[in-house]
Every structure is written in C-alpha cells, then in structure tokens.
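Here is how the chains run, residue by residue.
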Protein chains: 2
Amino acid sequence: MYYLGLDIGGTTIKAGIIDGANHVLEARKAPTVVDDLKGFISKLAELIRDFQKSTAIDAIGIGVPGLRSSKTHEIVTSPNIPCLKNVNLEQLVADQVHLKVVSENDANAGAYAEFVCGAGLGLQHLAYLTLGTGLGSGLVLNGSLYTGTSGYGGEFGHTVINPEGRLCGCGKRGCIETVASATGMVMTAVEKLKTARSGLLHEVPRPLTAEKIYDAAVGGDETAREVFAETARWLGIACANLINLLNLEMIVIGGGVMASGELLLGNAHEVARRYAFAPSFAGCQIVQSKLWPDAGMIGAALLARDR
Amino acid sequence: MYYLGLDIGGTTIKAGIIDGANHVLEARKAPTVVDDLKGFISKLAELIRDFQKSTAIDAIGIGVPGLRSSKTHEIVTSPNIPCLKNVNLEQLVADQVHLKVVSENDANAGAYAEFVCGAGLGLQHLAYLTLGTGLGSGLVLNGSLYTGTSGYGGEFGHTVINPEGRLCGCGKRGCIETVASATGMVMTAVEKLKTARSGLLHEVPRPLTAEKIYDAAVGGDETAREVFAETARWLGIACANLINLLNLEMIVIGGGVMASGELLLGNAHEVARRYAFAPSFAGCQIVQSKLWPDAGMIGAALLARDR
C-alpha cells in the first residue's frame, strides 16, 4: 500500500510517497498557488497524477497551514493561502483524482508523524513544535492526535506569553510565535542592534535571517549570541508551560531554526527546568525532530492511511 | 451504593456522601492537620468512621491540593500540607478503614465533577478553573479526566503569562495564579491604592480581601472596579490561551472570587473573545461552576466510584 502526503506551504508544496514501513520512497516539490482556488486544485491534481504514473497510490493526505474543521472537514481559514477559506479541500481533490483524501493542519500532521515513526515513537503524550516563519504546533495526548472540539486544537504559537509584547500577525500582542520563531529572532536581533555598537551582525547583508544570526553567533558575535539566549529563554518558558499544563513525555522541536541545534535547545532546556514543576519536568524530554523537514508530509500520508 | 468524597484544603477538610444519583446526602467539615502525617491520617479515619455510623460507604475518594503520581499513587508534594510529601495516602487510609480509597489532585476532581454532573454534563472537552487563594485547574479531554504522563497534568495556574510579572509562591515569576486569583486581586488592589488618591477601598478595614474589593466595586469605588477590570483581562487572556491550545467546548470557573459573578466573568469573556481565534472561541462557552464549592468533594466521590 502506498500513501501520498502533501505538505502545503505558503510558497512550496512538498509531496512524497510512503510505503508500508513508513519510508519515503519518492518526493517532489511544486510552487503553491495561493490566491486562486481553481489553480490551486489543478496544481495539486497535476502533482498527484505525476506520482500516479509510477506508483499506485491508495490514499492522499494533505497538511495545510490553517484551521481545519473536524466537523465539516473544511479548511476554515489559512492566512498564507487566502484561497483556502471555507473550502472542502478533501472533496475538491477527491473529485479530481477519485481517491480517498484526508486533510489536517500541517503541524498536527507533523506531530502525528513524530508519534508514529519519529522522535516520539512509543510515547503517549507529546507536543511537536516547528519554529519557522511562525510557530506551528500539534499535540498527541493519550496516544491519539489531539484536535479538540472542532479540529482547531494545538495552536500553541498563538497563546499569549507576554501581553505587553510584540504585535503578532494574528492581530494580538505577545503570542509565543512573536518571540520563538525565525521571524521573532530577526525582530529580536533588530531590536538589539539598535543599541549594539559594533559586531559581525552589523555587517551581515540584509535582509537578516535566523540563519545569518546563527552564523554570526557561531562566529563569536555577542549580539547574535544574545539573540539566541533570549529566544531560548522564551522557548524554555513556553516548554515549561506545556509541561505544567499537560505533563508531557516529550516536546519535539523542528523547523529551520533548529538547524542551530544545541545553541538554542541546550539553553531552552535549562530555562524549562527552572520554570516547570520538578516532577513534571523530570518526566519530559525536549528533543529535536527526527523527521523535520518532512514531518508534515509524512504525517499527512500516515493520516491518509490511518484515519 | 454510597461514596464518600473528601476535599482536603489547607485549613479545612470538606467531606460528603453522594448517592447513585450524584446527590450529596450528608456533608461535614473538619480542620486539616498539616504538619503531622500520623495526626492527619487519624483525623481522616475519625471523620470517615463518623460517616460510617449512619451510612454503609462503598469507597472513598480524596482530593488533595498537590501533585499525585498516577504511577505510584503517591502524593508527591502538597505545598500547603507539608506532611503529604511522597505519601501513599490511598494505602494509609485504606489500612485504617479497609475500603477502596482513591486520591486525585483536588482541581482535577473538581473538573471531573463538573464533567459528570455539573456545568459540563455531556461535553467532551472542558477546563475547570477555581480562583481562590491560588488558581486550581483540571482538564477533561476527549471525555476523560486528563492527567498526563504521571498524573501531574492540568496545572494551568502555573503557566507563565507575564515573565516580568509578580513572583509566584512556586518560585517563578508571572504565573497566571499571581494575577487571576483572590490573592492576585488583593495584590493588584494594593498596587493601585499606591496611586489612587481617595475612595472606598482606602477606608476598608485591613487585611484586604477579594470580597471587600468586590463590595467596594459594587459600591462604586473606581479603584476596586479597576482591580476587577484588570483581573478580568488576565482571566480572559488565560481563557483564550486554553481555547487556542485545546479548542475546548467549555471553561467552567469556580472559586470564591466567582461570587462576584458577571463583574468578572462578563469582562473576561469579552477579553477572551478578542484574544482567541474566532472559530475556536465560537465553540467554547465560559460559564460559572454549577457545583462549586462542592465540586472537589463530589468529584473525589465520583472518582471513588468510577476509577
């Protein structure tokens, strides 16, 4: 049996086929059409048919960066893909390719992948966080993907950790996403550079990115190191909040920012230890994703199989 | 069948028997022994035997303000009852009275009661918050009491909402409990009174309490009204965090502070509406507890029956 997973990003669709052993057999990329639903669906159908030329696909899973209703199966809203507003993506794609199609929030799909065949294999309670442009997250509780009353659960990036903090893309102030994400790191760097007199980070070509900040930190730049320390502090407090509320066994962290490895994770771990209850912290590992950057794609394929 | 529920507070034990229809047949109170385990257990046994004179009890449930391990069944720590440190309370009480005894965190017990026969009857996903000296909380997810990996889950009061905020009894800074609780309200009032020139609240006999602040607010005192507005703002943001993370159907709020009713809840509801995702907020009611102040006691008895 072969399952196709599609991970829809704001600019790129990642697609891959997994086999019965949860291995990725073949993967491709395509640009995302964001503002034209008909074009969006055509692109997906074309991509699917390309895979079908070489593989008999049994079902398709689609991870979407937005809220998916578990009641109507519609994508209710997807800020970065405006054409997906109150759209039954499963039905529209199934109409094109005549296969079973399931959809899910992309970070929920990632959490499911880490649970089934990634860092959280064999565990019952975990959170998956991806630090990229935003902060995506998904929960596995009591051995199942937790999506809540209507399927919208798991939006940890939009819980408030600092009400006097930065404006978030969602319109609120102080969401965790505003500080613990690649975008948040760049904003932290820009703030710190206003007062830092000199250093590598001043000379880095603009626009600033989390990757450039990482390179500067590794190169010994003090400001860049402070950006990592501050990001780790927020990430650590955020992890402690999850640990105290949900008494998790594991927090799995993926996303582009995690390429920085221990520079972020080591400090975040130490902060979480100070902020969480000792018995709850003792039972929780904080680890890097095993499946990133493919977790969302693999999870979507697994949900096509298991749902 | 008759079940005895014991809700252990820092100063008082509340005990009551429920019948098969979840009604409280008979309730009593006794002082809590906090610093002597032997005395603590003797007091419980005496209380239980008193009930047994008139009723054949089938099992006993005990709600404890502390962390209870679901693995060892021990109370790991209970800040207000220091003698309960790594104590298998279930076993010690069972040895005295030769009945089935179960224990649980008191707010978890309260959440279970609201779920089985209170405000959340028939729902699948709810949080129960009690605003008293601290902020207790418990979760029901997917139709079961959620306690996490080791039984320590549900400690929402000790999630950080304002890292530059007040010191909490737990040693951290900015826990929700420091602002959304009776203690938090008094601290907010004390802060505001430093700059408020005059008003009812200046003349209220000390020590200040949430109840006196409420009376002053009802009497038209501007400072007291500001205390309620600020508390409601924190409570509303806290509710929005729960809604975005867990996509709940209901948040049930109990505790002494809720005697103030709409003065707190109305504003908190409005703030939560602004801070939560619209589709998630639309699916969640925020309501007053139906069972408070007996929720913990009833929940403990129900757990004695159902676990």
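**A few points about the nonpolar core**
Part 1: The biggest cluster of nonpolar side chains holds 204 residues, and the ones touching the most others in it are Ile251 of chain A together with Ile251 of chain B.
Part 2: Ile251 of chain A has contacts with Leu126, Ala127, Leu129, Cys239, Leu242, Cys284 and Ile286 of chain A, leaving out every residue within four places of it along the chain.

**Considering the environment of Asp106 of chain A**
All names here are of chain A.
Part 1: Within the element layout of this structure, Asp106 appears in helix H3 (residues 106-117).
Part 2: Under the C-beta neighbour-count criterion, Asp106 is labelled buried, with 27 such atoms within 10 Å.
Part 3: Taking the C-alpha atoms as reference, Asp106 lies 7.8 Å from Ile62; in sequence the two are 44 residues apart.
Part 4: Once residues lying within four places of it in the same chain are set aside, the contact partners of Asp106 are Asp7, Ile8, Gly63, Val64, Pro65, Gly136 and Gly296.

**Focus on the sheet that holds strand S9 (residues 135-141) of chain B**
Hydrogen bonds between backbone atoms are what pair the strands of a sheet, whose relative direction is either parallel or antiparallel.
All names here are of chain B.
Part 1: The strand order across the open sheet formed by five strands is S10-S9-S8-S11-S12, and the pairing between neighbours is mixed. The sheet is open, and its two borders are formed by strand S10 (144-146) and strand S12 (285-288), each paired with just one other strand. The sheet shows a mean angle of 25° between the axes of neighbouring strands, taken without regard to direction.
Part 2: Strand direction decides the pairing type here: strand S8 (residues 126-131) and strand S11 (residues 250-254), joined by five bridges, are parallel. Its bridge partner lying in S11, Thr130 is registered against Gly254.

**Here we look at the interface of chain B and chain A**
Part 1: Taken residue by residue, the interface counts 36 residues in chain B and 36 residues in chain A.
Part 2: Contributions of two or more residues to the side of chain B that touches chain A are made by helix H7 (222-246) and helix H9 (278-282) of chain B.
Part 3: Broken down by class, the residue content of the side of chain B that touches chain A amounts to 17 nonpolar, 16 polar and three charged.

**A word on the sheet that holds strand S4 (residues 59-64) of chain A**
Residue and element names in this part refer to chain A.
Part 1: Strand order in the open sheet formed by five strands is S3-S2-S1-S4-S7, with mixed pairing between adjacent strands. Of all the strands in the sheet, the pair left with one neighbour each is strand S3 (24-31) and strand S7 (100-105). Pairwise comparison of adjacent strand axes, ignoring direction, gives a mean angle of 20° for this sheet.
Part 2: Strand direction decides the pairing type here: S4 and S7, joined by six bridges, are parallel. Directly across from Ala59, in S7, lies its bridge partner Lys100.
Part 3: Strands in contact with helix H10 (residues 295-306) are strand S1 (3-8), strand S2 (12-18), S3, S4 and S7; relative to S1, the strand with the most contacts, it is inclined by about 135°.

**Quick word on the environment of Ala224 of chain B**
Part 1: Along the polypeptide, Ala224 of chain B turns up in helix H7.
Part 2: Separated by 39 residues in the primary sequence, Ala224 of chain B and Met185 of chain B have C-alpha atoms spaced 9.5 Å apart.

**A look at the relation of the copies chain B and chain A**
Part 1: Of the transformation placing chain B onto chain A, the axial shift is 0.0 Å and the rotation is 180°, giving an RMSD of 0.0 Å. The transformation relating the two chain copies, once decomposed into turn and shift, fits a two-fold axis.
Part 2: The residues that chain B uses at the interface reappear at the interface of chain A in 100% of cases, marking a shared surface.

**So, the domain arrangement of chain A**
Residues and elements named next belong to chain A.
Part 1: In terms of domain boundaries, chain A breaks down into domain 1 (3-112 + 294-306) and domain 2 (122-288).
Part 2: Taken together, the contact pairs 14 residues of domain 1 with 16 residues of domain 2.
Part 3: A per-element tally of the side of domain 1 that touches domain 2 places H3 first, with six residues.
Part 4: Among the residues making up the side of domain 1 that touches domain 2, the classes are represented as six nonpolar, five polar and three charged.

Analysis parameters
Residues numbered from 1 in each chain as written. Chains lettered and ligands numbered in written order. Predicted model: local features only at pLDDT ≥ 70, side-chain atom pairs only at ≥ 80, totals over all residues. Core = buried A, V, L, I, M, F, W, Y, C linked by C-beta atoms within 7 Å. Buried ≥ 20, exposed ≤ 12 C-beta atoms within 10 Å, placed from the backbone. Contact = placed C-beta atoms within 7 Å. Helix = DSSP H or I, 4+ residues; strand = E, 2+ residues; numbered from the N terminus. Pairing = 2+ DSSP bridges. Axes fitted to C-alpha atoms, helices over the stretch in contact; angles between N-to-C directions. Nonpolar A, V, L, I, M, F, W, Y, C, P; charged D, E, K, R; others polar. Least-squares fit on C-alpha atoms with pLDDT ≥ 70 in both. Domains from an automatic or database assignment.

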